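Listed below are the residues making up each chain.
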Amino acid sequence: MAGPDRDRLSWYEASARQRLDALLDPGSFTEVLGPAERRMSPHLPLFDLPRAFDDGIVVGSGSLDGKTMFVAAQEGRFMGGAFGEVHGAKLVGLLRAALDVKPAAVLLLLDTGGVRLQEANAGETAIAEAMRAIVAARAAGVPVVGLIGGRAGCFGGGGLIAGTCSRLAVSEGGRISVSGPEVIETNKGAEEFDSKDRALVWRTMGGKHRRLIGGADAFCADTVSAFREAALRLIADAPAFDLDTLTAEQARLRARIDRFGQCRDATDIWAKLGVNDPDAVPAMDTGAFDETVAQAREAVHDAR
Amino acid sequence: MTLAEILASLFPEGHAVTVADGLVAGEGPFEGGRLRVIGVDGDAPLGVEGALTLAGHVLDAVRAGDKAPILVAVDSDSQRMSRRDELLGLNECLAHLAKALLLADRRGHPTVGLLYGHSAAGAFIATALATRVLAALPGANPSVMDLPSVARVTKLPLEKLQEMAKSTPVFAPGLDNMLATGAVHAVLDPEKPLGPQIRDLIAVLPERDERDRLGQERGGRPVAEAIAKAVADQIRAG
């Protein structure tokens, strides 16, 4: 897919395969264990649920500006991109191979509600295996960059995987959290979190909030080309995985809680960050938002 | 076993492990050196502060440079479910704790999880599941989600799920199922002193992440190992 299509294609609307095809250099993507091999979930039939030939994740290799990338893209439209046994194992296999092959980077196109409940134990364990493998790849000098802007967001264990990456790019639609809005509401009541209040969801978990507080390292317009540019920039600027980085992250997160722990709403945090008009943030276009980010010193760091 | 009983069994000569706000931290003499202990007690939920406190202890241990083993004792709730925790970036804090444990492991600290009560979801991933080897005591009750909640989400009758759970370890809560999945390596004997049992686990720490192999052997994750290997082999072959 050539440049103009990449510029037009909405990351949010695109499928996992469309994202990969447009993100990577044209024609460079090679899938492994693709749908033709029919490696489907052995468990979903027990629940009378339909299966996908790829179990909702596309993995393989390709190139970005000529450099070899390993890539995994979750399909948020199949069971919310959730981690089942096969789905998780495909990601884990890719990450383990990265340790030996040492591609220029691993790109994780996360689009997930978290663990697939019908295969909960397998999904949960696969997430733990993936995090161990990400750390091993990073420690070997392979940057692992997360790209988040899909329909399913990045919830549950997906949020922990995101927090394990070297760098994260996020768009407005890319919500990142552990407990999703419905989970909080179900367990703690609508007074704690009204999941129907979409503006509250975006403010609390959305891409702009994550970018402003340093929970993500780049904010993208909702196009594949914006994510491509961000990925190239972030790969070149990935922090090492070592004691210095984690010591810095400890201090960064501690300072965040000390400074913003009393804030009730994201707008209170944005005001403390020095954003002139916090109420205007949700409606800002990418250019205006970038200028706002430049005022927030928390947004730029190597502490991840 | 309670945490007090576990600590008494681990450290017959006494110890300096304390619990505050459900967070466990300290150390005791072990095998001629020391065993550091962190953890969550009393079914407490793990929020942003707790995750950072525990991660701070782990990073202190790494800085000490003695490569002492770290025991992660867990009887927790899930992650703390709140608007405030998510606003402050709970995903980063829990991932940070897991990364601290994985770093300690890489720097030569044997990391051993000990599940003696409940644990679930994000709290489980950030603590027990981030260790090199995870042991459990009988009565431990890990879960991703309880069956009534699974019934709500999957819209299947609870009775049917309870029946399915008997033959399908992949989705049902409980220690036996996490053992079958390979997430839990071994179950310890509470009638015998725990110190030697932990020592023996450390003596044979797996070199690679073998949870998918265990899951295949035990039948709880029949295909994960083969799938991961197929992907890795094919992509290595270019």
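As shown above, the structure is provided for reference.
What you see is a predicted model, and the numbers here were worked out from it, not measured in a lab.

Asker: What exactly am I supposed to notice about the sheet that holds strand β7 (residues 218-220) of chain A here?
Answerer: Within a sheet, adjacent strands bond to each other through the backbone by hydrogen bonds, running parallel or antiparallel. All names here are of chain A. Strand order in the open sheet formed by 7 strands is β1-β2-β3-β4-β5-β6-β7, with mixed pairing between adjacent strands. In this open sheet, the two strands that pair with only one neighbour each are β1 (30-32) and β7. For this sheet, the mean angle separating the axes of adjacent strands, direction not counted, is 25 degrees. The sheet contacts of helix α5 (residues 157-164) involve β4 (105-110), β5 (144-148) and β6 (167-171), and relative to β4 the element is tilted by about 155 degrees.

Asker: Teacher, can you tell me more about the pairing of β6 of chain A here?
Answerer: Residue and element names in this part refer to chain A. Among the 5 residues that make up β6, 5 are buried, leaving the element largely enclosed by the rest of the structure. Judged by which residues are buried, β6 turns out to be covered on both faces: Arg167, Ala169 and Ser171 on one side and Leu168 and Val170 on the other are all buried. Sheet analysis places β5 next to β6, joined by 4 bridges and oriented parallel. Directly across from Gly146, in β6, lies its bridge partner Leu168. Crossover handedness for the path β5 to α5 to β6: right-handed.

Asker: Would you take a moment to explain helix α9 (residues 194-203) of chain B for this structure?
Answerer: Side chains of residues three or four places apart in an α-helix project in the same direction, reflecting 3.6 residues per turn. Among all positions in α9 of chain B, only Leu194, Gly195, Gln197, Ile198, Leu201 and Ile202 of chain B are buried. Each buried residue of α9 of chain B sits inside an arc of 165 degrees when the element is viewed along its axis, so together they form one side.

Asker: What exactly am I supposed to notice about the interface of chain B and chain A here?
Answerer: A common way to express how large an interface is: the accessible area buried when the components associate. At the junction of the two partners, chain B supplies 79 residues and chain A supplies 88 residues. When the two sides are added together, the surface that chain B and chain A hide from each other amounts to roughly 6,800 Å², 64% of it contributed by carbon and sulfur. Taken as a group, Arg83, Leu87 and Lys99 of chain B account for 13% of the area that chain B buries against chain A, more than any other trio of residues on that side. At the junction of chain B and chain A, the tally comes to 10 salt bridges. Between Arg236 of chain B and Asp100 of chain A there is a salt bridge, with its nearest N and O atoms 2.4 Å apart. At the boundary of chain B and chain A, one finds 33 residue pairs in polar contact (both at pLDDT 80 or more). Counted by class, the side of chain B that touches chain A contains 45 nonpolar, 14 polar and 20 charged residues.

Asker: Hey, could you run me through the sheet that holds strand β4 (residues 70-79) of chain B in this one?
Answerer: Residue and element names in this part refer to chain B. Spatially, the 7 strands line up as an open sheet ordered β1-β2-β3-β4-β5-β7-β9, and their pairing is mixed. With partners counted over all chains shown, the strands left at the sheet margins are β1 (16-20) and β9 (186-187), one partner each. Pairing analysis gives 5 bridges linking β4 to strand β5 (residues 111-115), with the strands arranged parallel. Among the inter-strand pairings, Ala73 is bridged to a residue of β5, identified as Leu114.

Asker: It is not clear to me how the nonpolar core should be interpreted in this structure. Could you clarify?
Answerer: Soluble globular proteins: nonpolar side chains tend toward being buried together. The biggest cluster of nonpolar side chains holds 114 residues, and the ones touching the most others in it are Leu108 and Ile161 of chain A. Residue contributions to this core peak at 10 residues, all from helix α4 (residues 90-106) of chain B. Ignoring anything within four residues of it in the chain, the contact list for Leu108 of chain A reads Ala72, Leu91, Ile134, Val144, Val145, Gly146, Leu147, Ile161 and Cys165 of chain A. In this structure, Ala22, Val58, Ala73 and Ala226 of chain A belong to the second largest nonpolar core, which totals 29 residues.

What counts as what
- Along every chain, residues carry numbers that run from 1 in the direction the sequence is written.
- Chain A is the first chain written and ligand 1 is the first ligand written, with later ones labelled in order.
- Confidence filtering applies because this is a predicted model: local features only for residues at pLDDT of at least 70, side-chain atom pairs given and counted only at 80 or more, and all residues used for totals across whole chains, interfaces and linings.
- In computing side-chain values, all of the structure's heavy atoms are included and hydrogens and water are not.
- Strand pairing is assigned whenever DSSP detects at least two bridges linking the two strands.
- For the purposes of this entry, the term helix denotes a DSSP run of H or I that reaches at least four residues, the term strand denotes a run of E that reaches at least two, and both are numbered from the N terminus.
- To obtain an axis, a line is fitted to C-alpha atoms, over the contacting stretch when the element is a helix, and the angle between two such axes runs from 0 to 180 degrees between their N-to-C directions.
- Here a residue-residue contact requires only that any non-hydrogen atoms of the pair lie within 4.5 Å.
- Throughout, exposure labels follow a simple rule: accessible area from a 1.4 Å probe, protein chains only, divided by the maximum for the residue type, with under 20% read as buried, over 50% as exposed, and the rest as partly exposed.
- The handedness of a crossover follows from its direction of travel: if, with the strands pointing away from the viewer, the path from the first strand over the helix to the second runs clockwise, the crossover is right-handed.
- Arc definition: it is the arc formed by the directions from the helix axis to the C-beta atoms.
- What gets called buried area is simply the loss in accessible area from a 1.4 Å probe that two parts show on being joined, summed for both.
- Take a side-chain nitrogen of Lys or Arg and a carboxyl oxygen of Asp or Glu: if they are within 4 Å of each other, that pair is a salt bridge.
- Each polar contact in these results corresponds to two N or O atoms within 3.5 Å; when the atoms are within protein, one needs to be able to donate a hydrogen and the other to accept it, and residues that are neighboring in sequence are counted only if both atoms are side-chain atoms.
- In this classification, the charged set is Asp, Glu, Lys and Arg, the nonpolar set is Ala, Val, Leu, Ile, Met, Phe, Trp, Tyr, Cys and Pro, and all remaining amino acids, among them Gly, are polar.
- Only buried residues count toward a nonpolar core. Its members are Ala, Val, Leu, Ile, Met, Phe, Trp, Tyr and Cys residues joined through side-chain atoms within 4.5 Å.

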